[in-house]
Amino acid sequence: MNNTYYGKLIFELSKEGRQGYSLPKNELGDYCMENLPANLMRGKAPALPQVDELTVVRHYTNMSNNNFGVDTGFYPLGSCTMKYNPKINEEMAAHHAFTCLHPLQDIDTVQGALEVYYSLQQTLAELAGLKEFTLNPFAGAHGELTGLMVMRSYHLSRHDEQRTKVIVPDSAHGTNPASAAVCGLDVVVVKSRPDGTVDVDDLRPLLDDTVAGMMMTNPNTLGIFEHNIAEIAKLVHDAGGLMYYDGANLNPMLGVCRPGDLGFDIMHINLHKTFSTPHGGGGPGSGPVGVRQGLEQFLPNPRVIRHDEEDGHYYTIGESDNSLGYVSGFLGNFAVMMRAYTYLLTLGRENVKWVGPLATLNANYVKESLKDCYELPLTGVCKHEFVFDGLKDKSTGVTTLDVAKRLLDYGFHAPTIYFPLLFHEAMMIEPTENESKETLDSFIEVMRTIAREAHEQPDMVKSAPHNTPVRRLDDTKAALDQIVTYRELNG
Amino acid sequence: MTYKFFPHTDEDIRSMLRTCGEQKLEDLYKDIPGELVFKREYDLPEAMSEVEVRRFFDELGGYNEPLTCFVGAGCYDHYSPAVVSDILRRSEFLTSYTPYQAEISQGTLQYIFEFQSMMAELTGMEVSNASMYDGCTATAEAMMMAVANAKKRNKVLISSTVNPIVIRVVETYAKFHGVEVERIAEENGVTSRADFEDKIARDDVAGVIVATPNFYGIIEDYTGWADLCHEHKALLVMNCVASALGVVKTPGEWGADIAVGDGQSLGVPMNFGGPYVGFLCTTKKLIRKMPGRIVGATVDADGKRTFVLTLQAREQHIRREKASSNICSNQSLMALYVTIYMSLMGPDGLRKVNELGYSGAHYLAERLCATGKFEMAFPDKPFLNEFAVKTNLDIDDFQEQCRFMGIQAGLKIADNTLLLCVTEARSKAEIDELIEQVEQLTSQEEN
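What you are looking at is a predicted structure, and each value in this text was computed from that prediction instead of being measured.

> Can you walk me through the overall build of chain A in this structure?
Of regular secondary structure, chain A possesses 15 helices and 12 strands. On C-alpha atoms alone, chain A measures out to a radius of gyration of 25 Å, which is about the 23 Å that the 2.2 N^0.38 rule sets for 491 residues. Expressed along its principal axes, the backbone C-alpha trace of chain A runs to roughly 75 × 65 × 45 Å. Intrachain contacts of chain A at a sequence separation of at least 6 include 74% that bridge at least 24 residues.

Given below as structure tokens:
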């Protein structure tokens, strides 16, 4: 990352008459677009920039230098599993034999791609302890929505129309209730106990014949394993509901537990978290949804089906009559699947089982090394992540936001802050299995330094960051001005 | 467990466990009831080296067949400048998260602002969000936005000329969201005006979804549609092929309230269906009803012009079940893809791309019809680079023969109807090769 702010917009580099493309000559110029009726054509050309190729290359290169990625430095963003994105994944995802395929090409000419899809979903099924996955959903939130549609379809198939209630713990991600609402379901919140796990006594009275199911992450957003999971699953199942596993926190379970074995019926996985595909500044991700046996019929169309014959096997793309419908145009974010499949082939069965334990070791190591300076509301072993409730000493007035911003000065990304909502000064830290002891030690050292600075120079910490390309931004002004295009900025 | 993605030496593990007050790695899982722990080996293949992984995908790739593509139908084989994929590999863009920490994410925030600006230009709308998953889900989000805006209405009309893959996603979302979707009939390849007027007059419609160009490649005339929608308090939603908006009348010019679609046609590789990038643009008035992320301009503590995620009070992490959508992120890297593409192409390049597609498609259409085996499905309708033809040939046989020659000859959309598309990536020689196949098949039949 470059600490000098670049800050220009491509529009500001535009000069009429410049071009950055090369196109073939029109050999068929007699067929002239001017023949189209003028009233169906746009009045004037879009005001896009006019720039030469090198200007474009420098512009976006300079812009990238103001960005921080996993390749730049440690990224302990809780709940986001910012693990290393292996380079071989990128190379395979760019393989021309796959990138050149049109999604509606004849089935005989895409057998390799369909094998990737099928094999990846089967690999995920083995890791999750479930029967079948759809890889069609585009992201975690999209997977959640798809999973809830599966849940609703199951109940409707049993003429259980009244089952519209989804139980969500108070520590859940905001996406859980939002997805339920989009799916037309009603959200009911179940309380956590002081140890951060679901309060089973609070759950019991919520369970009646209007319950569609319960959504949980395990470990939960506090990094705590829900040790009552077997009892919870039994209660929900006895009430006729289904258990939904939000796979956001799947990473520490690799090699340790499988959601299907814990009693979950439906789950989504974030390939961009657990299976190392890059976050890309917010996407594209991929949110495969898996189900236990009996629920496959409800998965979204289209589905990839394998046919085994004596002399080999082949794949077709099929549709199921009981399917919930369609959540994507084609078969999802295929190039993201290429990356995740490459990752899993590279890891293999002998390495994938260490992902969870090493991620868990890293998290516990950081937690134990900092709990004398930062407030640790929940003691005991955590899984892949844990939450501090701000600095231990609150007298300095230095907040979690200030600590986060000061971390940027030291070349670290900030943790997830002010989530979960259970604590006022939440600071959620997730170091992945890829980080070395040395990296963690330097992070720990910096966190201790900041705790010291909070005492000695609180104003300096409160006005951090100081060494980044730009200083703290005025969020209020952005919301008031609502300038969201260059036209508005310029006019 | 020495492995290239695990930096832990045995000594590291021992010393870290000591800090945690534990003896062995298993102790970190002592809170998990034993019967829930997975005890066998995963039934998965052993680890592959990079040499083996490359060989594996080379071999698997051999089961795919790259074809000269004359199919569109929602995914278009356009040329993309070499610059785009090269910049996309920059890890500062590739390996970053959603730009929550604006001080170290100006790169991402700036290109999203550029993306929003360009999409607003292209669609002729006032504002754009930071992108959506794809064109289908963007249209479904627009459907929910129309319903939320109307408050007491829960019916949406969708034209039968919208791409069926879009319609089926909209219908799926609608079914679960409690929205009634009614189709407007098709008449000679375009949306029936009479059916639209009849249905909108019932005053129970929250939104109307139409397409430009439509599924058959036809540029429909929507004169007066927006006024009629607004008269009956409904929003007009237009699903567009992004690239075509470089030349065809924009949703803004038609008076639409929401413009949605897929940005794939802006040079994004076909990639067997994804990732692509959806867009959703609207009017300033509806900005707070818009789903997804939005980037706005502001200043930092030193007064420098900077960019930041804004209007987050609409979003799921604040409003939970009351949010305008459950979308948490955008299709950021693909938004960067089309932003760089549009920077390089500019208004002129985008026009030339459309001219080349127009010329190739009209040449192909004319030559196919000249063989006597095809006729235009909708002869009097204007189209850009995609068109439907009717034929008495057995389409399956014809496509199979073409495939044998390495050509994907369009998409069969009915027993006797073929949808074909030509982009600037198709040369005259390739088009002639396709026509040659018709002539050969015809002469075979005659023999």
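> Is there a simple way to think about the overall build of chain B in this case?
Counting its regular elements, chain B contains 14 helices and 17 strands. Dimensions along the principal axes, computed over C-alpha positions, put chain B at roughly 85 × 60 × 50 Å. The long-range fraction of contacts in chain B, counting pairs at least 24 apart against all pairs at least 6 apart in sequence, stands at 72%.

> Help me out: how do you make sense of the nonpolar core in this one?
Burial of nonpolar side chains together is a common tendency in soluble globular proteins. If you look at the biggest cluster of nonpolar residues, it comprises 300 residues, and the most contacted ones within it are V150 of chain A together with M143, V156 and V237 of chain B. Here this core gets 20 residues from one element, more than from any other, and that element is helix α10 (residues 334-370) of chain A. Sequence-distant contacts of V150 of chain A, defined by excluding residues within four places in its chain, comprise I266, V289, V291, L295, F298, L299 and L324 of chain A.

> Please explain the environment of I395 of chain B as it appears in this structure.
All names here are of chain B. With respect to the secondary-structure elements, I395 resides in helix α13 (residues 395-404). Residue classification places I395 among the partly exposed positions, given that 19 C-beta atoms sit within 10 Å. Filtering out sequence-adjacent residues up to four positions away, I395 remains in contact with K412 and L418.

> When you look at the domain arrangement of chain B in this model, what are you seeing that I'm missing?
Interfaces are often sized by the amount of accessible area the parts lose when they come together. Taken as a whole, chain B is organised into domain 1 (10-57), domain 2 (68-78 + 346-446) and domain 3 (82-340). For domain 1 of chain B versus domain 2 of chain B, the separation of C-alpha centres amounts to 54 Å.

> Help me understand the confidence of the model for chain B, please; the structure alone is not making it clear to me.
Interpretation of the predicted coordinates at a detailed level should be avoided for regions scoring low in pLDDT. Confidence along chain B averages 95 in pLDDT terms, with 98% of residues attaining 70 or more. Confidence metrics for the complex model read pTM 0.97 and ipTM 0.97.

> Just to check I follow, could you spell out the pairing of strand β11 (residues 295-299) of chain B for this structure?
Regular strands place their side chains on alternate faces of the sheet. All names here are of chain B. Burial analysis of β11 places 4 of its 5 residues in the buried class, the great majority of the element. Where β11 and strand β12 (residues 305-309) come together, 5 bridges link them in antiparallel fashion. Note on β12: the bridge partner recorded for A297 is F307. Hairpin connection of β11 to β12: 5 residues between the antiparallel strands, including G303 at a positive phi of 85°.

> How should the interface of chain A and chain B be read in this particular structure?
Taken together, the contact between chain A and chain B spans 170 residues of the former and 169 residues of the latter. When residues in the side of chain A that touches chain B are grouped by element, the largest group, 22 residues, is from α10 of chain A.

> Before we go on, may I ask you to explain the sheet that holds strand β17 (residues 417-421) of chain B in this structure?
Residues and elements named next belong to chain B. Taken in spatial order, the 4 strands line up as β13-β14-β17-β16 in an open sheet, and their pairing is antiparallel. Because the sheet does not close on itself, it has two edges, and the strands there are β13 (374-376) and β16 (411-414). Direction aside, the axes of adjacent strands within the sheet are offset by 40° on average. Pairing of strand β14 (residues 386-391) with β17 involves 5 bridges; the strand directions are antiparallel. Counted as the bridge partner of A388 is L419 from β17. With respect to the sheet, helix α12 (residues 332-370) is in contact with β13, β14 and β17, its orientation differing from that of β13 by roughly 130°.

> Mind showing me how you'd approach the packing of helix α5 (residues 106-123) of chain B against α12 of chain B here?
All names here are of chain B. One way to put it is that α5 packs onto α12 with a least axis distance of 9 Å and a crossing angle of 60°. Our classification of the angle between α5 and α12 gives oblique. You can see that α5 and α12 cross each other, and the crossing is left-handed. Side by side, α5 and α12 meet where T108, Y111, I112, E114, F115 and M118 of the first sit next to S332, A335, L336, T339 and M342 of the second. Residue composition of the contact of α5 with α12, by class: 7 nonpolar, 3 polar and 1 charged.

> I would appreciate a short explanation of the sheet that holds strand β2 (residues 127-128) of chain B in the present structure.
Note on sheets: strands pair through backbone hydrogen bonds, and any given pair is parallel or antiparallel. Residue and element names in this part refer to chain B. A sheet is described by the order of its strands in space; here 7 strands give the open sequence β2-β10-β9-β8-β7-β3-β4, paired in mixed fashion. The two strands at the open ends of the sheet, each matched to only one other strand, are β2 and β4 (180-184). Where strand β7 (residues 205-212) lies against strand β8 (residues 235-241), 6 bridges are found, and the strand directions are parallel. The residue of β8 that forms the bridge with G207 is L235. Helix-sheet contacts for helix α6 (residues 135-150) involve β3 (155-159), β7, β8, β9 (258-262) and β10 (278-282), and the interaxial angle to β9 is about 160°.

> How do you make sense of the packing of helix α11 (residues 400-409) of chain A against helix α12 (residues 437-456) of chain A when you look at a structure like this?
Helix-helix packing is described using two parameters, namely the angle between the two axes and the distance between the axes. Residues and elements named next belong to chain A. The N-to-C vectors of α11 and α12 enclose an angle of 125°; their axes lie 10 Å apart at closest approach. As far as their axial angle goes, α12 and α11 are oblique. Read as a crossing pair, α11 and α12 show a hand that is right-handed. Every residue of α12 that contacts α11 at V403, R406 and L407 is listed here: V446, I450 and E453.

> It is not clear to me how α12 of chain A should be interpreted in this structure. Could you clarify?
A turn of α-helix holds 3.6 residues, and therefore any two residues three or four places apart point the same way. Residues and elements named next belong to chain A. Between its terminal C-alpha atoms α12 stretches 28 Å, which fits the 28 Å expected from 20 residues at 1.5 Å a residue. Residues of α12 that are buried include every one of L440, F443, M447, I450, A451 and A454, and no others. One face of α12 carries all of its buried residues, which in axial projection span an arc of 100°. Among the exposed residues of α12, those oriented more than 90 degrees off its buried face are E438, E445, R452 and E456. Against the buried residues of α12 lie α10, α11 and α13 (458-462).

Cut-offs applied
- Residues numbered from 1 in each chain as written.
- Chains lettered and ligands numbered in written order.
- Predicted model: local features only at pLDDT ≥ 70, side-chain atom pairs only at ≥ 80, totals over all residues.
- Helix = DSSP H or I, 4+ residues; strand = E, 2+ residues; numbered from the N terminus.
- Rg over C-alpha atoms; globule rule 2.2 N^0.38 Å.
- Contact = placed C-beta atoms within 7 Å.
- Core = buried A, V, L, I, M, F, W, Y, C linked by C-beta atoms within 7 Å.
- Buried ≥ 20, exposed ≤ 12 C-beta atoms within 10 Å, placed from the backbone.
- Domains from an automatic or database assignment.
- pLDDT = per-residue confidence, 0-100.
- Pairing = 2+ DSSP bridges.
- Axes fitted to C-alpha atoms, helices over the stretch in contact; angles between N-to-C directions.
- Parallel < 35°, antiparallel > 145°, perpendicular 65-115°, else oblique.
- Left-handed = near helix turned anticlockwise from the far one by under 90°.
- Nonpolar A, V, L, I, M, F, W, Y, C, P; charged D, E, K, R; others polar.
- Expected span 1.5 Å × (residues − 1).
- Arc of directions from axis to C-beta.

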